[in-house]
Amino acid sequence: MNKSLVNLFGFYRATGISPSVLLLDENGFSVVCGEENRWPQMVFGLDFSENPAYFLDQVLSETKAQNLPGFAVCSAALFGSDELQYLREKGVFPIRTWTLMDAVPSIQPTKIFRENIQIRKIKVPAEIAVFTNLVNTELMQSVKIAGSLLNELNKTEAVNIYGLFVENELVSGLLAFTEEKTTGLYFIVTKQQCRGKGLASDLIGYVLNLCRQKSEMLVLQAVQKAVPLYSRLGFSAREKVVIFWKQ
Amino acid sequence: MTREEIVEKTLDTFRNVFGEVDGLTEQTSADDIGKWDSLNHVILIQELEKAFDMKFDLFEIIEIRDVAGIVNYIFANGK
């Protein structure tokens, strides 16, 4: 299985801390449902061998029947126009796509850190709160992430949050989730007014260097417009994934 | 259909889906409309398909999050 998807699954499993984790591995599906109002609440499609559209609709219908949010993350390559048409008739629509990218962390960052910039791990709750606010303002739409959840996660070994400060103001950050020698970068965010200055590149370069000792692979999920940026930093596109939602 | 007609019809569809939006123009993006999240984007796509009597390439259209991009897509792919 693709390491990016495995890490993504692990990350969501970790962030969806909940007693109600249901695994359907024999069907190639794993269902993760967080408690109400926690984030995220998703269904993961990890391995479809045949008739993926039918299977996807069945699973989403079942989760919906149980009053769980009907979202699924799947490889986009599984769905051609016939499959999409079938799903459309069933009320299942793609709502976002990402490109899964990975990099071996031996790649040297190309950026040179600037004098007024400080990059370090974020630990104290007040800084986590600023990072959470940045994520919710700049990245999240209707579903917001709770600062208490990030605080909780930040106490675990698997999660490290890094921030880039310009004159002591947190303007860019990311969350690194490490599992089985793979580190996934999530919530990569930069304050709107500070974008286009290479700050996220500096931050990712810093994390690339840090992860060299403990991770064999770095992965991330990129929105389409960010793919060129991550490519310049040494990441390679592996595959496209799509989130489906049943109305 | 001219590009101007597409713009008008697209803006009308936006109003139907999101209600009155302050300063709605071709330059408006998802950042300007609070209700324009991923789920409402699906509803918007369905309404646009009805309005223009066409089927969109869903993988392509879901990543377009501004009015101008949608207009350009319809202009390039519409009847």
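Here the structure is a predicted model, which means the values were calculated and not measured. (Residues numbered from 1 in each chain as written. Chains lettered and ligands numbered in written order. Predicted model: local features only at pLDDT ≥ 70, side-chain atom pairs only at ≥ 80, totals over all residues. Heavy atoms only, no water.)

K.L.:
How do you make sense of the interface of chain A and chain B when you look at a structure like this?
P.N.:
Much of the literature gives interface size as the accessible area that the parts lose upon coming together. Taken residue by residue, the interface counts 16 residues in chain A and 15 residues in chain B. Approximately 1,600 Å² of surface area, both sides summed, lies buried where chain A meets chain B, with 60% of it carried by carbon and sulfur atoms. Connecting chain A to chain B are one salt bridge. Put simply, Arg-88 of chain A and Glu-49 of chain B hold a salt bridge, and the shortest N to O gap is 2.5 Å. Taken together, the connections running from chain A to chain B amount to five residue pairs in polar contact (both at pLDDT 80 or more). Listed by contribution, the elements that provide at least two residues to the side of chain A that touches chain B are helix H3 (81–89), strand S5 (92–103) and strand S11 (236–246) of chain A. No other element matches the five residues that S5 of chain A contributes to the side of chain A that touches chain B. Of the residues in the side of chain A that touches chain B, the class split is 10 nonpolar, four polar and two charged. (Contact = heavy atoms within 4.5 Å. Buried area = accessible area lost by both parts, 1.4 Å probe. Salt bridge = Lys/Arg side-chain N within 4 Å of Asp/Glu carboxyl O. Polar contact = N/O pair within 3.5 Å; in protein donor to acceptor, adjacent residues only side chain to side chain. Helix = DSSP H or I, 4+ residues; strand = E, 2+ residues; numbered from the N terminus. Nonpolar A, V, L, I, M, F, W, Y, C, P; charged D, E, K, R; others polar.)

K.L.:
Can you help me understand helix H6 (residues 199–211) of chain A in this one?
P.N.:
Residue pairs three or four apart in sequence face the same way in an α-helix, which turns once every 3.6 residues. All names here are of chain A. Taking 1.5 Å per residue, 13 residues should reach 18 Å; H6 reaches 18 Å between its end C-alpha atoms and fits that length. Most of H6 sits out of view: 10 of its 13 residues are buried. Regarding H6, the residues found buried are Leu-199, Ala-200, Ser-201, Asp-202, Leu-203, Ile-204, Gly-205, Val-207, Leu-208 and Cys-211. Packing partners of the buried residues in H6 comprise strand S6 (117–121), strand S7 (159–166), strand S8 (169–179), strand S9 (182–190), strand S10 (217–222) and helix H7 (227–232). (Expected span 1.5 Å × (residues − 1). Buried < 20%, exposed > 50% of the residue type's maximum accessible area, 1.4 Å probe, protein only.)

Structural measurements only, silent on function.
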